[in-house]
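Chain by chain, the residues run as shown.
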Amino acid sequence: MSIRICIPLDSAAVALGADDVAAALAREAAKRKVAVSIVRTGSHGMHWLEPLIEVGGVGFGPVTAADVPSLFDAAFKNHPLNIGRIADHPFMKAQTRLTFARCGNVDPTSFHEYQAAGGLNGIGAAIMVGPAQTRDTVLTSGLRGRGGAGFPTGIKWKTVAEAKGDTKYIVCNADEGDSGTYADRMLLEGDPFVLIEGMIIAGLAVGAAKGYVYIRSEYPDAIRTFSKAVAVAESSGLLGAAAGFEIDVRAGAGAYVCGEETSMLESLEGKRGQVRAKPPLPAHKGLFGRPTVINNLVSLATVPAILADGAEAYAALGMGRSRGTMPIQLAGNVKQGGLFETAFGLTLGEIVDEIGGGTASGRPVRAVQVGGPLGAYFPRSLFDTAFDYEAFAALDGLVGHGGVVVFDDTVDMARQARFALEFCALESCGKCTPCRIGSIRGAETMDKIIRGERVAANLALITDLCQTLKFGSLCALGGLTPYPVMSALKYFPEDFDRPRLVAAAD
Amino acid sequence: MSSYSAWDEKHAGEIIDGLKSVDGATLPILHALQDAFGHITERAIEMIADALNLSRADVHGVVSFYHDFRRELPGRYVLKLCRAEACQSMGADALAATAKSQLGVDWHGTSADGRVTLEPVFCLGLCSCAPAAMIDGKLVGRLDDTALAAAIKQARA
């Protein structure tokens, strides 16, 4: 009997040497004449242990090619890298894995393994109850847009279903540009069929026969794996003209703003990714002027589990108006970086200190940016904030796409504030003036503050400029750039007065 | 190492013909042309405009909007270093400064020997194993000075 050895093809594992380890495993097995079948899976999300290989449910990591002979010597049992059964690992056991249930456990492009692991149950349920009931299930589950805006998915679907038009589209936003996030990438690489299933259900629910998946070009491996899964789904009859739903994969081209839904539509239409004014809503007049559902990848990939298990099961998880689970992505200077899917409601402190284990550098945690480059920086004093859309919004912050980036005490928050403005300037689509010009003037003003020039007056100017950006911008890029800037100023004011502190010390 | 074909109008025409009928064809065509030839030539812009019944200004506007599309050939190796926050928290700024000084270039520059082009990238989705880089299409996590120096040395050898 051959030994089944699973090793991730996930980009994070590959970036840490998984391909070399896979090659070494094959070489060593051939040398020892041991029959092995090496299966490339997605990642379980414990990235600090990558490359993490699995044999009979037991994990070994982080493995290098040099460890391979000793793993064979130990017959994949007692070995210093043995972490025990993966499913029993505290990081895995503490999770509620719905959207990521299969990720890491299956060969991502094996349609057979997808079905064997509960795949297609969502479609089955959707067909049985019909479009109206499907929309209703999604609505009562409480699922909200996982891209960050948190708009109820069921209402979007209802609007598109009721919109007049012979052609409607489903667009999946997989332009995961926020630093600190990689949930979309992990699903595209680790369980692509779940997205295909979610999009087919969305198509059934609103009467659309065509879907587009817009994947950022910075994810070449994800594009490759997902495209392969689409081809497999076509050959097995799940997708295609005859099946009643087609999916087209499109690559972005390095523009962060194309994660904004209307900018994405422009890009899909072959234009500059400039934001559209709303109304009209994309649900009424979206891609090529047709009614269009635009959902984040995680939202769509969660739909099959909601249909399969029922709205109530999903809605029973979470807190307040944030129902269900969220894949929290621990990133940056964190000891246990990785993806942790859990019901809403954990505190930021639990996420960073307990699940993340503090910083990778071993120094104290000083700031945490939640929700990507447009999210606020939180100090330790706000670590009792619950992970919930409303709780974060109340603090002028956002949950966003679930990214949590940890910084230790060497961070200079004035530089982080400057970076937020520089990033906005680099990525502004240029359509509205506050964002196009305000971001550049803001970065220049931050430079003056960092140099110690008229600090009080320039800080007043930054505060005023942030008001203009927040209320005068056309989309979230300009509108939310004030969050990281103002939170840095509010919670870390000492970093904005360094030259004077230095002068006083002299 | 990147190996691009020299500009070939016939081949470019075939690429455009193969894709011009898809909806919103501009980006797919630009990606395919850049994959083949390494950059978008002036002639390519004219050909796309003709094929899609757009003005050259329209196509130029698309090319110039997106960070991915180049108007000039890159060096033989492209080193993309992530500049985003998660990588900053793990020392990406210092790595970038090292790369710039070793190559003698700023962002988007190509070393004088034509070997390496240095590009910034905002997030490769490797934020849990920062700092991250893409060295000629190959992803690297937990990049440090030693690995960076080795990659640069190999590229320039």
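Residues numbered from 1 in each chain as written. Chains lettered and ligands numbered in written order. Predicted model: local features only at pLDDT ≥ 70, side-chain atom pairs only at ≥ 80, totals over all residues. Heavy atoms only, no water.

Digging into the sheet that holds strand β3 (residues 133–135) of chain B
All names here are of chain B. For clarity, the cut-off: DSSP-based pairing: two strands are paired if at least 2 bridges between them are found. We count a stretch as a helix when DSSP gives it H or I for four or more residues in a row; a strand needs E for two or more, and each element gets its number in order from the N terminus. Axes, fitted as lines to C-alpha atoms, cover a helix only where it is in contact. Angles between the N-to-C directions of the axes lie from 0 to 180 degrees. Note on contacts: a residue pair qualifies if any of its non-hydrogen atoms lie within 4.5 Å across the two residues.
Spatially, four strands are ordered β2-β1-β3-β4 in an open sheet, and the strand pairing comes out mixed. Since the sheet does not close on itself, it has two edges, and those belong to β2 (116–121) and β4 (138–140), each with one partner. Averaged over all pairs of adjacent strands, the angle between their axes in this sheet comes to 20°, without regard to strand direction. Both strand β1 (residues 77–82) and β3 contribute to a ladder of three bridges, which runs antiparallel. By the bridge assignment, Leu 79 is partnered in β3 with Ile 135. Along the sheet face, helix α6 (residues 92–103) touches β1 and β2 and points at about 155° away from the line of β1.

Notes on the domain arrangement of chain B
Note on interface size: it is often stated as the accessible area lost on association of the parts. Spelled out, the test is: Boundary definitions for the domains trace back to an automatic or database domain assignment.
Entries for chain B in the domain assignment read domain 1 (9–65) and domain 2 (77–156). A C-alpha centroid distance of 29 Å is found between domain 1 of chain B and domain 2 of chain B.

Comments concerning helix α7 (residues 153–162) of chain A
Residue and element names in this part refer to chain A. Rule in force here: Relative accessibility decides the category of a residue: with a 1.4 Å probe and only protein chains considered, values under 20% of the type maximum give buried, values over 50% give exposed, and everything between is partly exposed. Arc definition: it is the arc formed by the directions from the helix axis to the C-beta atoms.
Taken as a whole, α7 has its buried residues at Thr 153, Gly 154, Trp 157 and Val 160. When α7 is viewed along its axis, its buried side chains cluster within an angular range of 130° and face the same direction. Check the buried side of α7 and you find it contacts α6 (121–141), α9 (192–206), β9 (292–296) and α12 (297–309).

Quick notes on the side chain of A:Glu50
Tracing the sequence through the fold places A:Glu50 in the loop between β2 (36–41) and β3 (53–55). Those residues in contact with A:Glu50, other than ones at most four positions away along the chain, are A:Pro8, A:Ala13, A:Leu16, A:Ser43, A:His44, A:Pro62 and B:Arg142.

A word on the pattern of salt bridges
Residue and element names in this part refer to chain A. Under the convention used in this document: Definition used for salt bridges: Asp or Glu carboxyl oxygen within 4 Å of a side-chain nitrogen of Lys or Arg.
Summed over all chains, the structure comprises 39 salt bridges over all chains. A salt bridge links Arg 276 to Glu 266; the shortest N-O distance between them is 2.6 Å. Highlighted residues: Arg 276 in the loop between α11 (261–268) and β9 and Glu 266 in helix α11, separated in sequence by 10 residues. What makes Arg 276 buried here is its relative accessible area of 19%. Linking Arg 321 and Glu 390 is a salt bridge whose minimum nitrogen-to-oxygen distance equals 3.2 Å.

Description of the interface of chain B and chain A
Heads up, the condition is: Here the buried area means the combined drop in accessible surface, using a 1.4 Å probe, for two parts upon being joined, counting both sides. Think of a polar contact as two N or O atoms within 3.5 Å of one another; within protein, one of them needs to be a possible hydrogen donor and the other a possible acceptor, and neighboring residues in sequence only count if both atoms come from side chains. Charged means Asp, Glu, Lys or Arg here, nonpolar means Ala, Val, Leu, Ile, Met, Phe, Trp, Tyr, Cys or Pro, and polar covers whatever is left, Gly included.
Counting from both sides, the interface comprises 36 residues of chain B and, opposite them, 60 residues of chain A. In this assembly, chain B packs against chain A so that about 3500 Å² is buried in total across both faces, 57% of it on carbon and sulfur atoms. A salt bridge links B:Arg83 to A:Glu422, with the shortest nitrogen-to-oxygen separation between them at 3.2 Å. On the surface where chain B and chain A come into contact, there are 25 residue pairs in polar contact (both at pLDDT 80 or more). Those elements that place two or more of their residues in the side of chain B that touches chain A are α2 (26–37), α4 (56–65), α5 (85–88) and β4 of chain B. Within the side of chain B that touches chain A, the residues separate by chemical class into 20 nonpolar, 11 polar and five charged.

Brief notes about unusual backbone geometry
Cis geometry is found at the peptide bond from A:Gly61 to A:Pro62, where omega equals -10°. By secondary structure assignment, the location of A:Pro62 is in the loop between β4 (58–60) and α3 (68–73). At the junction of B:Ala130 and B:Pro131, the peptide bond is cis and its omega measures out at -5° in the coordinates. Counting through the fold element by element, B:Pro131 comes out in the loop between β2 and β3. The phi dihedral of A:Lys33 is positive, around 55°, even though this residue is not glycine. For A:Lys33, a relative accessible area of 75% translates into the label exposed. Unlike most non-glycine residues, A:Phe76 shows phi in positive territory, near 55°. Within the secondary structure, A:Phe76 is located in the loop between α3 and β5 (82–85). Judged by relative accessible area, A:Phe76 falls into the buried class, the value being 7%.

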